[in-house]
Amino acid sequence: MPVTHHYDIVIVGGGIQGAAVAQAAAARGYTVMLLEKTALAAATSSRSSKLIHGGLRYLENGHFALVYESLRERTDWLRLAPSLVRLSPFYIPIYRQTSRSTLVIRAGLSLYALLAAGSGSAHFRSVSQSQWQQLDGLTTKGLKHVFQYWDAQTDDRLLTQALMHSAQSLGAELQCPAEFIHVTLSSSMCEIEYQQGGRINHCSATVLVNAAGPWVDQVLHRIDPQPPAYPIDLVQGTHLVLEGRLNKGCYYLESPADQRAIFVLPWYQHILLGTTETLFNGDPEASSPLATEETYLLDCFHHYFPEKNPVVREKFSGLRVLPASHGAPFHRSREIHLQCDSSQKPHVVSIYGGKLTVCRATAQKVLHTIMPTLPDRIPKADISKLMLELP
Ligand SMILES: Cc1cc2nc3c(=O)[nH]c(=O)nc-3n(C[C@H](O)[C@H](O)[C@H](O)COP(=O)(O)OP(=O)(O)OC[C@H]3O[C@@H](n4cnc5c(N)ncnc54)[C@H](O)[C@@H]3O)c2cc1C
């Protein structure tokens, strides 16, 4: 087969993880090509809750290192992408029937503030009773306490596009739509086939980065010889976009059905309500909101905002890649896992799991893993100083 071009790194997947690896790798001076079969951020990276956050609820599960790393990353996003990531006030109401007590929430927020120390957005406060009526129609029946703290919101699709734009301005190539078909590994090289415009193209790379999100195992099956897989479950999360507006900020609620955290967020001129955790089997392409998920979310919304009559204008679902386990998805680790074909000099790295918030840190971990395989290159830029903007 004629090999038309050689790259240091070929990345499969134009979600936020692929875009972040492309930017970090191009900044280090590597030659990079990214293959995306549909459109940038076409999958999970446009179907998230759109939060750049430490993840207050992960404290409950003892994931302190992840929360600390995420809060550091939040600070960097606010500095590097001020037009795309902004702080919003978040309200946590505590009712007589809320399972987490005021004391527990206060302790969680104190720890969150401690882990965010020095970021300028670490503080939280109690909202006085006289202000409860101004909270967008939040029911005050049985309300005991309201806390307010800060986290950040973004537009996940635009953030992915901005990262890829930055990567391209550093020389990375984007092929989109272009589907990765197959790779043959030799001791020093990856020989890659991809399909674009009805044609099969060939190229080679020193390293292949599998950033295919929920398709990570599908891509793995197209690698010859196939590296070991990492056992995962796909867990669907649905969001609803409702007519109407929130004027005060974001609400962090406890679902009355199962005590999970539910967010009610301002989203452009509307309201974003999410999310669910439903085990998913099958082709990721087939993920779509279920009627039971819609009912679950609307029941929660009605419970807290009984005066609002929500009209659903849009719904979407995305798939989380979580470590396989018998435990409830809500309690499973959100840490990334990098699976390589070799521990010394890997030619294939697959990214399992992760979060929008920590994608830049994940990209650094990927680079650290593959640098022993790659030739020396002269760095082009320091990404900790590169501002992110839309094209
Ligand atoms: C419901 C939900 C809510 C979330 N909320 C948050 C949040 O608020 N904050 C946060 O930090 N994180 C959140 N996350 C996590 C975050 O959204 C994901 O970690 C992140 O978007 C995953 O990005 P990715 O690039 O790995 O995958 P994806 O965005 O899914 O990208 C993978 C890409 O690979 C492409 N692809 C697949 N196969 C091929 C192939 N053969 N050839 C070429 N391209 C291919 C696909 O088309 C796709 O575009 C949430 C996740 C979910 C599911």
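One numbering rule holds for all chains: residues counted from 1, following each sequence as written. In keeping with the model being predicted, local features are shown solely for residues with a pLDDT of at least 70 and side-chain atom pairs are shown and tallied solely at 80 or more, while totals for entire chains, interfaces and linings include all residues. The side-chain values count all of the structure's non-hydrogen atoms but skip hydrogen atoms and water molecules.

### Examining the overall build of the protein
Next, step 1: When you go through the protein residue by residue, the secondary structure sums to seven helices and 19 strands.
Next, step 2: In this setup the radius of gyration rests on C-alpha atoms only. A globule is expected at 2.2 Å times the number of residues raised to 0.38. What you see for the protein is a C-alpha radius of gyration of 22 Å, in line with the 21 Å of a compact globule of 391 residues.
Next, step 3: Viewed in the frame of its principal axes, the protein has a C-alpha envelope of about 70 × 45 × 35 Å.
Next, step 4: Taking the intrachain contacts of the protein between residues at least 6 apart in sequence as the baseline, contacts between residues at least 24 apart amount to 75%.
Next, step 5: Charged side chains of the protein number 34 positive and 33 negative; the gap between the two group centres comes to 8 Å. Per the convention used, a helix needs a DSSP run of H or I reaching at least four residues, while a strand needs a run of E reaching at least two, with both numbered from the N terminus. Any two residues whose heavy atoms approach within 4.5 Å at even a single point are treated as in contact. Counting rule for charge: Lys and Arg are taken as positive, Asp and Glu as negative, and neither His nor the chain ends is counted. Every charge is mapped to an atom, namely NZ of Lys, CZ of Arg, CG of Asp or CD of Glu.

### Examining the domain arrangement of the protein
Next, step 1: Where each domain starts and ends follows an automatic or database-derived domain assignment. The domains assigned to the protein are domain 1 (6-44 + 157-231 + 334-373) and domain 2 (232-323).
Next, step 2: Each of domain 1 and domain 2 has a C-alpha centre, and these two points are 30 Å apart.
Next, step 3: Across the boundary between the two partners, domain 1 contributes 14 residues, which contact twelve residues of domain 2.
Next, step 4: Each partner contributes to the roughly 1000 Å² buried at the junction of domain 1 and domain 2, and carbon and sulfur atoms together form 58% of this total.
Next, step 5: Any Lys or Arg side-chain nitrogen located within 4 Å of an Asp or Glu carboxyl oxygen qualifies as a salt bridge. At the surface where domain 1 touches domain 2, the tally comes to one salt bridge.
Next, step 6: Linking Glu 285 and Lys 37 is a salt bridge whose minimum nitrogen-to-oxygen distance equals 3.1 Å.
Next, step 7: The term polar contact refers here to a pair of N or O atoms within 3.5 Å; inside protein, the definition further demands a hydrogen-donor-capable atom paired with an acceptor-capable atom, and it admits residues adjacent in sequence only when both atoms are side-chain atoms. Where domain 1 packs against domain 2, one counts two residue pairs in polar contact (both at pLDDT 80 or more). Put simply, buried area is how much 1.4 Å-probe accessible surface two parts lose in total, over both of them, once they are put together.

### So, helix 1 (residues 16-27)
Next, step 1: By definition here, a helix of n residues has an expected span of 1.5 Å times n minus one. Between its first and last C-alpha atoms helix 1 spans 16 Å; for twelve residues at 1.5 Å apiece the expected length is 16 Å, and the two agree.
Next, step 2: Here helix 1 lies mainly inside the structure; twelve of its twelve residues are buried.
Next, step 3: Exposure is judged per residue with a 1.4 Å probe applied to protein chains only, and the accessible area is read against the type maximum: over 50% gives exposed, under 20% gives buried, and values in between give partly exposed. Every buried residue belonging to helix 1 is among Ile 16, Gln 17, Gly 18, Ala 19, Ala 20, Val 21, Ala 22, Gln 23, Ala 24, Ala 25, Ala 26 and Ala 27, and all of these are buried.

### Focus: the pattern of salt bridges
Next, step 1: Applying the stated criterion across every chain yields a total of 16 salt bridges.
Next, step 2: Of the charged contacts, one joins Lys 315 and Glu 294 as a salt bridge, the two residues approaching to 2.7 Å between their closest N and O atoms. With Lys 315 in strand 17 (residues 312-323) and Glu 294 in helix 6 (residues 291-304), this pair connects stretches of sequence that are 21 residues apart.
Next, step 3: Several salt bridges share partner residues, and in doing so they unite Glu 73, Asp 76, Arg 79 and Arg 360 into one network.

### Observations regarding the packing of helix 1 against helix 4 (residues 156-169)
Next, step 1: Only the contacting stretch of a helix is used when fitting its axis, a line to C-alpha atoms as for every element, and angles between N-to-C directions run 0 to 180 degrees. As a packed pair, helix 1 and helix 4 sit with axes 8 Å apart at the nearest point and diverge in direction by 25 degrees. Regarding the angle of helix 1 to helix 4, the classification is roughly parallel. Like other packed secondary-structure pairs, helix 1 and helix 4 cross with a definite hand, here left-handed. Contact with helix 1, carried on its side by Ile 16, Ala 19, Ala 20, Ala 22, Gln 23 and Ala 26, involves Leu 159, Thr 160, Leu 163, Met 164, Ser 166 and Ala 167 of helix 4 and no other residues of that element.
Next, step 2: Only Asp, Glu, Lys and Arg are considered charged, only Ala, Val, Leu, Ile, Met, Phe, Trp, Tyr, Cys and Pro nonpolar, and every remaining residue, Gly among them, polar. Classifying every residue of the contact of helix 1 with helix 4 by side-chain character gives nine nonpolar, three polar and no charged. By the definition adopted for this analysis, an angle is roughly parallel if under 35 degrees, roughly antiparallel if over 145, roughly perpendicular if from 65 to 115, and oblique otherwise. Rotating anticlockwise by less than a right angle from the far helix to the near helix defines a left-handed crossing, while the corresponding clockwise rotation defines a right-handed one.

### Quick notes on the nonpolar core
Next, step 1: To form a nonpolar core, buried Ala, Val, Leu, Ile, Met, Phe, Trp, Tyr and Cys residues must be joined to one another through side-chain atoms within 4.5 Å. Ranked by size, the top nonpolar core spans 42 residues in total, and within it Ile 9, Ile 11, Trp 77, Val 209 and Ile 370 carry the most contacts.
Next, step 2: Of all the secondary structure elements, the ones that give two or more residues to this core are strand 1 (6-12), helix 1, strand 2 (32-35), helix 4, strand 10 (199-210), strand 19 (348-352) and helix 7 (359-370).
Next, step 3: Ranked by residue count, the leading element in this core is helix 1, at nine residues.
Next, step 4: Apart from the residues lying within four places of it in its own chain, the contact partners of Val 209 are Ile 9, Val 10, Ile 11, Val 12, Val 21, Val 349, Ile 351, Val 366 and Ile 370.
Next, step 5: Core analysis: the second largest hydrophobic core is formed by 29 residues, Val 183, Trp 215, Phe 280 and Leu 319 among them.

### Digging into the site of the ligand
Next, step 1: Note on definitions. A residue lies near a molecule or strand when any single heavy atom of the residue is within 4 Å of it. Around the ligand sit 38 residues in total, of which Glu 36, Thr 44, Ser 45, Leu 51 and Thr 357 are the nearest.
Next, step 2: In this structure, Ser 49 approaches the ligand through a main-chain N or O atom, which is 3.0 Å from a nitrogen atom.
Next, step 3: Burial of the ligand by the protein amounts to 96% of the accessible area it has alone, namely 1000 Å².
Next, step 4: At the level of secondary structure, the elements contributing two or more residues to the shell around the ligand comprise helix 1, strand 8 (179-185), strand 12 (232-242) and strand 17.
Next, step 5: When residues of the shell around the ligand are assigned to their parent elements, the largest contribution, three residues, is made by strand 17.
Next, step 6: Residues of the shell around the ligand, tallied by class, amount to 13 nonpolar, 17 polar and eight charged.
Next, step 7: Shared between two domains, the shell around the ligand holds at least three residues of each, these being domain 1 (6-44 + 157-231 + 334-373) and domain 2 (232-323). Residue exposure ignores everything except the shown protein chains as possible cover, and the areas themselves are Shrake-Rupley values with a 1.4 Å probe.

### Some words on the side chain of Glu 254
Next, step 1: One can find Glu 254 in strand 13 (residues 250-254).
Next, step 2: Take Glu 254: its relative accessible area is 10%, and that puts it in the buried class.
Next, step 3: Engagement of the side chain of Glu 254 in a polar contact is seen with the backbone nitrogen of Ser 99, the distance being 2.9 Å.

### A few points about the packing of aromatic side chains
Each aromatic ring pair is specified by the distance between its two centres and by the angle formed by the two planes.
Next, step 1: Ring pairs shown here join Phe, Tyr and Trp side chains whose ring centres sit within 6.5 Å, with only the six-membered ring taken for Trp; geometry is labelled stacked below 30 degrees between planes, edge-to-face above 60, and tilted in between. In total, this model carries eleven aromatic pairs according to the counting rule given.
Next, step 2: Ring centres of Tyr 112 and Tyr 149 lie 5.8 Å apart, and the angle between their planes is 85 degrees; this geometry places the pair in the edge-to-face category. In this pair, Tyr 112 sits in helix 3 (residues 102-115) while Tyr 149 sits in strand 6 (residues 143-154), placing the two residues 37 residues apart along the sequence.
Next, step 3: A relative accessible area of 2% means that Tyr 149 is categorised as buried.
Next, step 4: Between Tyr 252 and Phe 263 the ring centres are 4.9 Å apart and the planes differ by 70 degrees, which places this aromatic pair in the edge-to-face class. With Tyr 252 in strand 13 and Phe 263 in strand 14 (residues 261-267), this residue pair connects regions lying eleven residues apart in the sequence.
Next, step 5: On the basis of relative accessibility, which here comes to 11%, the residue Tyr 252 falls in the buried class.
Next, step 6: A residue is classified by how much of its surface remains accessible, and Phe 263, at 11% relative accessible area, is buried.
Next, step 7: An aromatic cluster is present here, built from Phe 90, Tyr 112, Tyr 149, Tyr 252 and Phe 263 joined pairwise through their rings.
Next, step 8: For a ring to carry a charge above it, either NZ of a lysine or CZ of an arginine must fall within 6 Å of the ring centroid while also lying within 35 degrees of the normal to the ring plane. Above the plane of the ring of Trp 77 lies Arg 360, whose end atom (NZ or CZ) is 5.8 Å from the centre.

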